[in-house]
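Given next are the chains, with one letter for each unit.
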Amino acid sequence: MEKILVLDFGGQYNQLIARRVRDHRVFAEILPYTTDLDTIRKNKYKGIIFTGGPNSVFDMSSPHYTREILDLGVPVLGICYGCQLIAWMENGTVSTAPVSEYGKIELTAKKSPLFENIPEKSIVWMSHTDYISSVPENYEITAFTPDCPCAAMQNTKKNIYAVQFHPEVTHSQFGDQILYNFLYSVCGCKGDWVMDSFIDSTVEKLKNQIGDKNVILGLSGGVDSSVAAALLSKAVGKQLTCVFVDQGLMRKNEGDFVEKTFTSLFDMNFVRVNCGEHFLSKLKGVTDPEEKRKIIGTEFFNVFWNEIRKQNDKGFFAQGTIYPDCIESGKGDAAVIKTHHNRVNTPEDVEFLGIIEPLADLFKDEVRRVGEKLGIPRELVWRQPFPGPGLGVRIIGEITEEKIRLLQDADFVLRDEMARNGYERNMSQFFCVLPDVKTVGVMGDHRTYENLIIIRAVTTDDFMTADWARIPYDILAKVSNRITNECKGINRVVYDITSKPPATVEYE
Ligand code: XMP
């Protein structure tokens, strides 16, 4: 398989670069700048991309790389810091720019393999305070902006290209074409990274690895573990056992839906552990958000590992770990590694032949595409993010059976109405919250004193920041009407109009 290396110097867009490359059907992997040259040489990459980064190359404590990497005969593209790094490695001069560029800037491009099919003038996304003040020998400037005399440079003999701007962000008008040109014209890629071949080769690999042994997977009903389950089922069928812990804090009918999907569409052993009552007893009287989260997390793993012990199967243990969970960060020390938050630690008394992570090379959007191809229902594949502690963090105060029912019912109405109006996949996340609040209302001639429901809906690209979603008034009116009519015990509905920050998406 053709591979592109994204060598990470700590830039905020490093994952985006790899995703854009893969969108062009070429596999890309991200490694930190601390990766040694031998490893890079052995991997036989078709091309190498140096990412951006927050440092100044002329500061000796900044991340650097041995200049031999430029002599491997492998095409290189430097982006932003990566561009300056090439200039620095090749004895050009990088200095603080008299004018920092930030945002959309007009670029004037000259003839270059990198700029094929791109107009002379176009808009690019810039974000830099240093610039190349003197270009290395044997390099020619191929683009400039009003404040950046070297916005791109190249050495076509060595196949080394560098751009000061960010082609990977959508604000760069022809960024996608520039990456395409690098991959196909400069590196000579053919484009063999397609999901069908990923499925075929992964199934083959899983068959060989697992042989006649068994494999156990913790299935949460989330996208990643569902797709891992479907892949494993295709590879080894009944040798796979999926353990699904239903802690009673999922959305209405969700546990049944997960069970029905995997027992009817896929060949596997499916074990559902219903432990809603156990969780309720552990959560009785608990109101502190962090304590609730801690109890739900701890109990989940207690129940899960007890079930695994019961299965007493010394086969393999599979997880739905995906690529962003595995990437080592290029920031700071080599020792800094991104927390593998989706990876589960196995208890000492439970032994396995090994851990299997069939999705460890995929980004989320690729996982979804694989899921669709494997026939997982769209409701599961395109599921919105759902917190691990489930509705537990959407019920403020103590969690009771009655409150779970109320929230599930109201949330069901919201989702139903949004789906009817085509918003199911077109809004990042929406859900209901049950605060510990009752208010006075009137129904017929009677005073009521019932629960309040909050609707929370956000639009966001990355969930780090989010804006409150502008759901049309007509839909909100319908949702409010239906909730107060159909959900006994609720007499008022309010809409949350806070962005993140200062609020968070969830309430606890
Ligand atoms: P916050 O509330 O931090 O949420 O703004 C950002 C995104 O993360 C989801 N979220 C979680 N996901 N386990 C998860 O897997 C959790 O404990 C958790 N808490 C929040 C939240 O739904 C939103 O999409």
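Look up a bit, the structure's there.
K.L.:
Tell me what's going on with the pairing of strand 3 (residues 47–50), and back it up with residues and numbers.
P.N.:
Residues G47 and I49 line one face of strand 3 and the alternating positions I48 and F50 line the opposite face, and both faces are buried. In the sheet, strand 1 (residues 3–8) pairs with strand 3 via 4 bridges, with the strands oriented parallel. Counted as the bridge partner of V6 is I49 from strand 3. Bridge analysis of strand 3 against strand 4 (residues 76–79) gives 3 bridges, and the strand direction is parallel. Looking at strand 4, one finds that I48 is bridged to V76.

K.L.:
I'd like a rundown of the packing of helix 8 (residues 276–283) against helix 9 (residues 289–311), residues and numbers included.
P.N.:
Two elements in contact, helix 8 and helix 9, have axes whose closest approach is 10 Å; the angle formed by their N-to-C orientations is 145 degrees. The two elements helix 8 and helix 9 cross, and the hand of that crossing is right-handed. On helix 9, the residues that touch H278, F279, K282 and L283 of helix 8 are K292, I295, I296, E299, F300 and V303. A breakdown of the residues in the contact of helix 8 with helix 9 according to their chemical character gives 6 nonpolar, 1 polar and 3 charged.

K.L.:
I'd like a description of the pattern of salt bridges, backed by residues and values.
P.N.:
Under the counting rule described, the total for this entry stands at 35 salt bridges. The shortest N-O distance in the salt bridge between K292 and E508 comes to 2.8 Å. On the criterion of sequence distance, the pair formed by K292 in helix 9 and E508 in the segment after strand 19 (490–495) is long-range, its members being 216 residues apart. You'll find K292 and E508 in the same group, each marked buried. When salt bridges that share partners are traced, they join D416, E417, R420, K478, R482 and E486 into one network.

K.L.:
Talk me through helix 8; I want residue IDs and the actual numbers.
P.N.:
Every buried residue of helix 8 is accounted for by F279, L280 and L283. Around the axis of helix 8, the buried residues are gathered within 100 degrees of arc, so they sit on the same side. Looking one or two places after helix 8, you find G285, whose phi comes out positive at around 80 degrees.

K.L.:
Give me the site of the ligand: which residues, what numbers.
P.N.:
Around the ligand lies a shell formed by R293, P385, F386, P387, G388, P389, Q429, F463, K500, T504, V505 and E506. Taking K500, its side chain carries an N or O atom lying 2.7 Å from an oxygen atom of the ligand. In the model, an oxygen atom of the ligand is placed 2.8 Å from a nitrogen or oxygen of the V505 main chain. Taken by itself the ligand offers 500 Å² of open surface, and the protein chains cover 68% of this. Residues that form the shell around the ligand fall into these classes: 6 nonpolar, 3 polar and 3 charged.

K.L.:
Mind laying out the sheet that holds strand 10 (residues 215–218), listing which residues take part and the relevant values?
P.N.:
Here we have 5 strands laid out as an open sheet, ordered 12-11-10-13-14, and parallel in their pairing. Of all strands in the sheet, those bounded by a partner on one side alone are strand 12 (269–274) and strand 14 (355–356). Packing against the sheet, helix 6 (residues 223–236) makes contact with strand 10, strand 11 (240–246) and strand 13 (316–318), and its axis sits at approximately 160 degrees to strand 10.

K.L.:
Lay out the side chain of T145 with the relevant residues and their values.
P.N.:
With respect to the secondary-structure elements, T145 resides in strand 7 (residues 140–145). The class of T145 is buried, set by a relative accessible area of 5%. At a separation of 2.6 Å, a polar atom in the side chain of T145 contacts the side chain of E101. Dropping the residues within four chain positions of it, T145 is found in contact with E101, I105, E106, L107, M126 and A151.

Thresholds applied
Residues take numbers from 1 onward in each chain, read along the sequence in its written order. Only residues with pLDDT of at least 70 get local features here, since the model is predicted, and only at 80 or more are side-chain atom pairs given and counted; chain-wide, interface and lining totals rely on the full set of residues. As a rule here, side-chain values come from all non-hydrogen atoms in the structure, and water together with hydrogens is ignored. Each residue is placed in one exposure class: buried if its accessible area under a 1.4 Å probe, protein chains only, is under 20% of its type's maximum, exposed if it is over 50%, and partly exposed if it falls in between. Helix and strand definitions follow DSSP, with helices as H or I runs of at least four residues and strands as E runs of at least two, each counted in order from the N terminus. By the convention used here, strands pair only if DSSP detects at least 2 bridges between them. Here an axis means a line fitted to C-alpha atoms, over the contact stretch when the element is a helix, while the angle between two N-to-C directions is reported on a 0 to 180 degree scale. Handedness of a crossing follows from how the near helix is turned relative to the far one, being left-handed for an anticlockwise turn of less than a right angle and right-handed for a clockwise one. Between two residues, a contact is recorded if the distance between any of their heavy atoms is within 4.5 Å. Note that Gly is not counted as nonpolar here; it falls among the polar residues with everything else outside the nonpolar set of Ala, Val, Leu, Ile, Met, Phe, Trp, Tyr, Cys and Pro and the charged set of Asp, Glu, Lys and Arg. Throughout this description, the term salt bridge denotes a Lys or Arg side-chain nitrogen within 4 Å of a carboxyl oxygen of Asp or Glu. Arc definition: directions from the helix axis to the C-beta atoms. Nearness is defined per residue: one heavy atom within 4 Å of the molecule or strand is enough. Identification of polar contacts relies on pairs of N or O atoms within 3.5 Å, with a donor-acceptor requirement for protein atoms, meaning one able to donate a hydrogen and the other able to accept it, and with residues adjacent in sequence counted only if both atoms are side-chain atoms. To be clear on the numbers: accessible area is Shrake-Rupley with a 1.4 Å probe, and residue cover counts the displayed protein chains and nothing else.

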